[in-house]
Amino acid sequence: MIEGGCLCDAVRFSVEEFYFGVFKCHCSLCRKAFGGASSAAALCRADRFSWVKGESTVRQYQRSSGFLRRFCAHCGSIVPQHLPDFDAFWVPAGLLENAESLELRQHIHVDSKAHWERLDALTRQLPEGF
């Protein structure tokens, strides 16, 4: 069982199993949402994800384009969100506390990465999304 939580620990969750390793998204929206070069996340099936506490404190922001980010109302940490079209959860990798088995698998949206960012040559790179 892999556990995680937000910065203030008001939101906690657990994941039984991830079906894909960590991926980093380099699109301009993820850069803005995360305040860095990219976002890092992993995917799990919805039936492998559980909220432990704090789901009621989760808020969301959605752009008119449909881009959505959920966050803790107390500390602002970006938190997992359900992807109903895939029956999966998108889980920010930085929230995970005991996920030593996860590895970086790919970079996505590299065509729109920041000009100053340098990617490793060993990890698969996709010009757009999956």
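Residues numbered from 1 in each chain as written. Predicted model: local features only at pLDDT ≥ 70, side-chain atom pairs only at ≥ 80, totals over all residues. Heavy atoms only, no water.

Right, let's talk about the pairing of strand β9 (residues 88-92) for a bit. Counted residue by residue, β9 has 5 buried out of 5 residues, so it is predominantly covered. On β9, burial covers both faces: A88, W90 and P92 on one face and F89 and V91 on the other are all buried. Strand direction decides the pairing type here: strand β4 (residues 39-45) and β9, joined by 5 bridges, are antiparallel. Looking at β9, one finds that L43 is bridged to W90. As judged from the 3 bridges shared by strand β8 (residues 81-83) and β9, these two strands associate in the antiparallel manner. Along β9, the bridge assignment pairs L83 with A88. (Buried < 20%, exposed > 50% of the residue type's maximum accessible area, 1.4 Å probe, protein only. Helix = DSSP H or I, 4+ residues; strand = E, 2+ residues; numbered from the N terminus. Pairing = 2+ DSSP bridges.)

Our focus in this paragraph is the sheet that holds β8. Spatial ordering of the open sheet is given by β8-β9-β4-β3-β10-β11, a layout of 6 strands whose pairing is mixed. Looking along the sheet, the strands with just one partner apiece sit at the ends: β8 and β11 (124-125).

Another aspect to go through is the side chain of Q106. Counting through the fold element by element, Q106 comes out in strand β10 (residues 104-108). Separated by 3.3 Å, the side chains of Q106 and R124 make a polar contact. (Polar contact = N/O pair within 3.5 Å; in protein donor to acceptor, adjacent residues only side chain to side chain.)

What follows concerns the packing of aromatic side chains. Inspection of every chain in the model, using the stated rule, returns 6 aromatic pairs. An angle of 20° between the planes, with centres 5.6 Å apart, marks the rings of F13 and F49 as stacked. You can see F13 sitting in strand β2 (residues 12-15) and its partner F49 sitting in strand β5 (residues 49-53), a full 36 residues away along the chain. The exposure classification of F13 matches that of F49, with both residues buried. Ring centres of F49 and F89 lie 3.9 Å apart, and the angle between their planes is 10°; this geometry places the pair in the stacked category. Of this pair, F49 sits in strand β5 while F89 sits in strand β9, and the two are 40 residues apart along the sequence. A relative accessible area of 8% places F49 in the buried class. Overall, the relative accessible area of 8% leaves F89 in the buried class. In this structure an aromatic cluster arises from ring pairing among F13, F49, W51 and F89. (Phe/Tyr/Trp six-rings, centres within 6.5 Å; stacked < 30°, edge-to-face > 60°.)

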